[in-house]
Amino acid sequence: MKKAAYNIVPTTEEILKKMGEQIKLARLRRDLSAELVAERAGISRASLWKVESGNPAVAIGIYAAVLHALNDMDKDLLLIAKDDEFGRQMQDLNLIIRKRATRKKK
């Protein structure tokens, strides 16, 4: 099988590795085995290992399933991009320009 190519910058790779480590530490703090968490998440132990190593090929849904298996930690995903300061500044800049509503066709 051909290995998928990803265009991931090194800083993002580090973030994924850190996230994987944090997920693994959360599992260990709860004294849950890899087998149990994988079973609860409905994935294989190999997939759990990929999550815990920060593999960029893992789908975000699998990350969510693992976090849910760790006692509803998937709610933390709601914090992603919650405070988008840069995006709000860009939005505010666009609000300064007066725009007309589109004309309704009769």
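Please read these numbers as outputs of a predicted model, since none were measured by experiment.

A. Quick peek at the packing of helix H1 (residues 10-29) against helix H3 (residues 45-53). Taken N-terminus to C-terminus, the directions of H1 and H3 make an angle of 120 degrees; their axes are 5 Å apart at the nearest point. One element, H1, and the other, H3, form an angle in the oblique class. Between H1, through Lys17, Gly20, Glu21, Ile23, Lys24 and Arg27, and H3, the contact on the second element is made entirely by Leu48, Val51, Glu52 and Ser53.

B. Just the pattern of salt bridges, in detail. Tallied over the entire structure, the rule returns two salt bridges. A salt bridge links Glu35 to Arg45; the shortest N-O distance between them is 3.6 Å. Of this pair, Glu35 sits in helix H2 (residues 34-41) while Arg45 sits in helix H3; the two residues are 10 residues apart in sequence, bridging distant segments of the chain. The class for Glu35 is partly exposed, based on a relative accessible area of 42%.

C. Structural view of the side chain of Glu52. Positionally, Glu52 belongs in helix H3. Given the relative accessible area of 12%, Glu52 is considered buried. Setting aside anything within four residues of it in sequence, one finds Glu52 in contact with Gly20, Glu21, Ile23, Lys24 and Arg27.

D. Summary view of helix H4 (residues 60-69). Taken together, the buried positions of H4 are occupied by Tyr63, Val66, Leu67 and Ala69. Buried residues along H4 cover an arc of 160 degrees about the axis, so they all sit on one side. On its buried face, H4 is in contact with H1, H2 and H3.

E. Broad picture of the packing of H1 against H4. Where H1 contacts H4, the axes come no closer than 11 Å and their chain directions differ by 25 degrees. What the angle tells us is that H1 and H4 run roughly parallel. You can see that H1 and H4 cross each other, and the crossing is left-handed. The segment H1 lies against H4, with Leu16, Met19 and Ile23 engaging Tyr63, Val66 and Leu67. For the contact of H1 with H4, a count of residues per class yields six nonpolar, no polar and no charged.

F. Spotlight on the nonpolar core. One finds Ile23, Val37, Val66 and Leu70 to be the most contacted residues of the largest nonpolar core, which totals 17 residues. Sorting the residues of this core by element identifies H1, H2, H3 and H4 as the ones contributing at least two each. Sorting elements by how many residues they give to this core places H4 first, with four residues. Ignoring sequence-local partners within four residues, the contact set of Leu70 consists of Ile23, Ala26, Arg27, Arg30, Leu32 and Val37.

Rules and cut-offs
Starting from 1, residues in each chain are numbered consecutively following that chain's sequence as written. Reporting in this predicted model follows two pLDDT cut-offs: at least 70 for local features of residues, and 80 or more for side-chain atom pairs to be given and counted; totals over whole chains, interfaces and linings ignore these cut-offs and use all residues. Each side-chain value is worked out from all heavy atoms of the structure, with water and hydrogens disregarded. Orientation is described by axes fitted as lines to C-alpha atoms, over the contacting stretch for helices, and by angles from 0 to 180 degrees between their N-to-C directions. Helix and strand assignments follow DSSP, with helices taken as H or I runs no shorter than four residues and strands as E runs no shorter than two, numbered in order from the N terminus. Angle categories are assigned with fixed cut-offs, so that under 35 degrees is roughly parallel, over 145 is roughly antiparallel, 65 to 115 is roughly perpendicular, and the rest are oblique. In this analysis, two residues are considered to be in contact whenever any of their non-hydrogen atoms come within 4.5 Å of each other. Here, a salt bridge means any side-chain nitrogen of Lys or Arg that lies within 4 Å of a carboxyl oxygen of Asp or Glu. Exposure categories follow from relative accessible area, calculated using a 1.4 Å probe and restricted to protein chains: below 20% of the type maximum is buried, above 50% is exposed, and the middle band is partly exposed. Each C-beta atom gives one direction from the helix axis, and the arc is the one those directions make. With the far helix as reference, a near helix turned anticlockwise by less than a right angle produces a left-handed crossing, and one turned clockwise produces a right-handed crossing. Three categories are distinguished: nonpolar for Ala, Val, Leu, Ile, Met, Phe, Trp, Tyr, Cys and Pro, charged for Asp, Glu, Lys and Arg, and polar for the others, with Gly belonging to the last. Each nonpolar core is a collection of buried residues, namely Ala, Val, Leu, Ile, Met, Phe, Trp, Tyr and Cys, held together in the definition by side-chain atoms within 4.5 Å.

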